[in-house]
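# Geometric and topological summary
Single-letter residue listing:
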Amino acid sequence: MTAKRQPATLVLGLMSGTSADGIDVALVRIASDTAAAREDHQNSRTKRADHPHTEARLENFATLPFAPDVRAAVLRVAEGHQLSPGELSQLNFRLGQVFAQALLAACRKFRLNPKRVALIGSHGQTIYHQGAPSRLLGEQVASTLQIGEPAVIAALTGITTVGDFRPADIAAGGQGAPLVPWVDYRLYRHPRLGRAALNIGGIANVTIIPPAARTKDVFAFDTGPGNMIIDGLVRHFTNGRRAYDRDAQMAASGRLLPALLDNLLADPYLHRPPPKTAGREQYGEPYLRKLLAWGARHRAQPADLVRTATILTALSIVDAFNRWVLPRAHITQLIVAGGGARNPLLCSQIAAALPRIDLIPSDSLGVPGDAKEAFAFALLAYETIHRRPANIPSATGATRPAILGKICYPPPR
């Protein structure tokens with residue numbers, strides 16, 4: 001019997017990363033067949049459905065800037081500056097307004113009537129993430145907090161919104177991250193090639209997809225710093241005039257500081273086996289202050305610090321491959337996405353250190369690197385609304401699959 005194909009669904013995915021350098025909005029067209037969807041739902045009750053039956057296509061993408069005062073407020077709280085409960089509550093709802101305005105602005109840019117959009121998947125802005133439990137009030141507790149109230153987004157856009165994706169995985173014993181590996185698996189699984197999907201955002205993370213992998217074969221983790229330290233140094237030395245090292249121009253004019261690099265590579269996080277996650281808690285403002293203090297003591301030039309931070313990111317990724325990836329899986333292709341994919345020094349260092357693996361930009365496989373995370377949360381929201389789990393326990397450390405996110409419905413029309 002031929003399976004009936006459901007009408008395509010338009011979903012908007014929204015992502016604001018650890019650098020808070022903009023709001024990414026992806027318009028995704030998703031289609032599935034009813035028979036396969038019913039089978040997936042039945043499988044989700046008993047075991048993980050390994051073979052996806054939906055087709056997703058990126059229709060459009062835009063990045064919208066934060067207003068400077070909003071970005072500054074986000075970074076202050078993400079860096080651990082004191083904030084009263086009232087101020088945090090207000091910022092949560094204000095960001096919901098900001099995200100809703102960005103989504104509507106993206107629809108205007110796409111020349112799309114928002115009424116045609118069935119669903120929004122909003123990752124929110126991470127201001128705290130501790131995937132590994134620590135003791136609190138007599139119990140071990142892990143936690144995560146993303147703000148940008150999805151109920152506000154739903155009310156202002158008139159579109160059902162899924163947000164707050166990470167807590168369900170933590171409640172299932174996982175670290176709440178990484179979640180994009182489920183989408184990497186959907187996009188890049190190959191019957192013969194072993195592939196790794198490397199996203200170099202503020203933090204660098206990798207998903208390993210062996211040939212003909214099932215979800216239980218996939219593993220993923222945060223390798224360590226991505227662009228976060230590099231961007232922080234550039235902003236500091238340019239007094240905020242530049243947000244990142246475009247084309248590695250600053251790093252290219254500097255020299256490597258071996259003593260500093262050795263010190264940075266001794267970071268205990270880099271030597272901890274996966275599953276593991278990182279964020280501003282590890283590589284945010286306090287880390288940057290220590291790096292700047294070292295530079296002041298040793299009279300290091302700004303470009304030298306930026307070059308050393310760039311090499312740190314490259315070598316921490318390579319070291320993670322040599323320690324945790326290559327002993328477990330044969331990898332033929334490394335698919336690179338995120339802002340770091342546009343850093344020629346960073347990519348050339350990785351390519352030189354992994355000569356038997358082909359580096360491929362994710363753009364060449366259908367989803368531009370800048371759009372991938374927003375694209376991912378559109379797909380994750382689609383799975384949530386269909387009551388299907390979309391974490392990968394082997395990536396997050398969860399004890400079981402989990403249906404991710406919380407659904408907020410708009411007011412009745």
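## Structural notes on the packing of aromatic side chains
- Counted under the stated rule, the structure contains four aromatic pairs.
- Aromatic ring contacts, followed pair by pair, group Tyr269, Tyr283 and Tyr287 into a single cluster.
- Here the basic side chain of Lys276 rests over the ring of Tyr269, its NZ or CZ set 4.5 Å away from the ring centre.
- A cation sits over an aromatic face here: Arg328 above Phe219, 3.7 Å from the ring centre.

## Comments concerning helix α7 (residues 228-237)
- Taken across its 10 residues, α7 has seven buried, putting it largely inside the fold.
- Buried within α7 are the following residues: Met228, Ile229, Ile230, Asp231, Gly232, Leu233 and Val234.
- Taken together, the buried residues of α7 touch β8 (203-209), β9 (219-225), α8 (249-252), α11 (280-283), α12 (285-297) and α13 (302-325).
- After α7 finishes, the residue Asn239 shows a positive phi value of roughly 55°.

## So, the confidence of the model for the protein chain
- Overall, the prediction assigns the protein chain a mean pLDDT of 91, with 93% of residues at 70 or greater.
- Overall, residues 34-52 carries pLDDT values under 50, and its contacts beyond four positions in sequence, including any with other chains, amount to 33 contacts.

## Some points on the nonpolar core
- By size, the foremost hydrophobic cluster in this structure holds 39 residues, and its most contacted members are Val28, Phe165, Phe375 and Leu380.
- Those elements that place two or more of their residues in this core are β1 (9-16), β2 (23-32), α6 (181-188) and α15 (372-385).
- Non-local contacts of Leu380, meaning those with residues more than four positions away in its chain, are made with Phe165, Leu179, Trp182, Val183, Ala390 and Leu404.
- Core analysis: the next-biggest nonpolar cluster, separate from the first, contains 31 residues, Val74, Leu95, Phe110 and Leu112 among them.

## Side note on a nonpolar patch on the surface
- Taken together, the side chains of Leu136, Leu137 and Val141 define a hydrophobic patch exposed on the protein surface, amounting to about 330 Å² of accessible area.
- Within the element layout of this structure, Leu136 appears in strand β4 (residues 119-136).

## Considerations on the side chain of Asp169
- By the element assignment, Asp169 lies in helix α5 (residues 166-171).
- At 7.5 Å, Arg166 is the nearest oppositely charged side chain to Asp169, a buried residue that forms no salt bridge.
- Asp169 has contacts with Gly174, Gln175, Gly176, Ala177, Asn391, Thr396, Ala398, Ala402 and Leu404, leaving out every residue within four places of it along the chain.

## Digging into the pairing of strand β5 (residues 139-147)
- Two elements, β4 and β5, share eight bridges in a ladder whose sense is antiparallel. Its bridge partner being in β5, Leu136 is matched across the sheet by Glu139.
- The turn linking β4 back onto β5 is made up of two residues, and Leu137 within it adopts a positive phi angle of 55°.

## Quick word on the pattern of salt bridges
- Applying the stated criterion across every chain, the model contains 11 salt bridges.
- With a shortest N-O distance of 2.6 Å, Asp164 and Lys406 are connected by a salt bridge. A residue pair is termed long-range when its members are at least 10 positions apart, and Asp164 in the loop between β6 (161-163) and α5 and Lys406 in strand β12 (residues 406-408) qualify at 242 residues.
- Taking relative accessible area as the criterion, Lys406 reaches 45% and is therefore assigned partly exposed.
- With a closest N to O distance of 3.6 Å, Asp304 and Arg255 form a salt bridge. With Asp304 in helix α13 and Arg255 in the loop between α8 and α9 (258-265), this residue pair connects regions lying 49 residues apart in the sequence.

## Focus on the side chain of Thr161
- In this structure, Thr161 sits in strand β6.
- In terms of polar contacts, Thr161 uses its side chain to reach the backbone carbonyl oxygen of Ile159, at 3.0 Å.
- Look past the residues within four positions of Thr161 in its chain and what remains in contact with it is Ile120, Ser122, Pro150, Ile153, Ala154, Lys406, Ile407 and Cys408.

## With respect to the sheet that holds β9
- The five strands lie next to each other as β9-β8-β7-β10-β11, forming an open sheet whose pairing is mixed. Since the sheet does not close on itself, it has two edges, and those belong to β9 and β11 (358-361), each with one partner. Sheet twist, expressed as the average angle between the axes of neighbouring strands with direction ignored, equals 25°.
- Where strand β10 (residues 333-337) lies against β11, four bridges are found, and the strand directions are parallel. By the bridge assignment, Ile335 is partnered in β11 with Ile360.

Calculation criteria
Residues numbered from 1 in each chain as written. Predicted model: local features only at pLDDT ≥ 70, side-chain atom pairs only at ≥ 80, totals over all residues. Heavy atoms only, no water. Phe/Tyr/Trp six-rings, centres within 6.5 Å; stacked < 30°, edge-to-face > 60°. Lys NZ or Arg CZ within 6 Å of the ring centre and 35° of its normal. Buried < 20%, exposed > 50% of the residue type's maximum accessible area, 1.4 Å probe, protein only. Helix = DSSP H or I, 4+ residues; strand = E, 2+ residues; numbered from the N terminus. Contact = heavy atoms within 4.5 Å. pLDDT = per-residue confidence, 0-100. Core = buried A, V, L, I, M, F, W, Y, C linked by side-chain atoms within 4.5 Å. Patch = residues over 30% accessible without salt bridge, like charges linked within 9 Å, V, L, I, M, F, W, Y side chains within 5 Å. Areas by Shrake-Rupley, 256 points an atom, 1.4 Å probe, with all protein chains shown as cover. Salt bridge = Lys/Arg side-chain N within 4 Å of Asp/Glu carboxyl O. Lys, Arg positive; Asp, Glu negative; His and termini not counted. Pairing = 2+ DSSP bridges. Polar contact = N/O pair within 3.5 Å; in protein donor to acceptor, adjacent residues only side chain to side chain. Axes fitted to C-alpha atoms, helices over the stretch in contact; angles between N-to-C directions.

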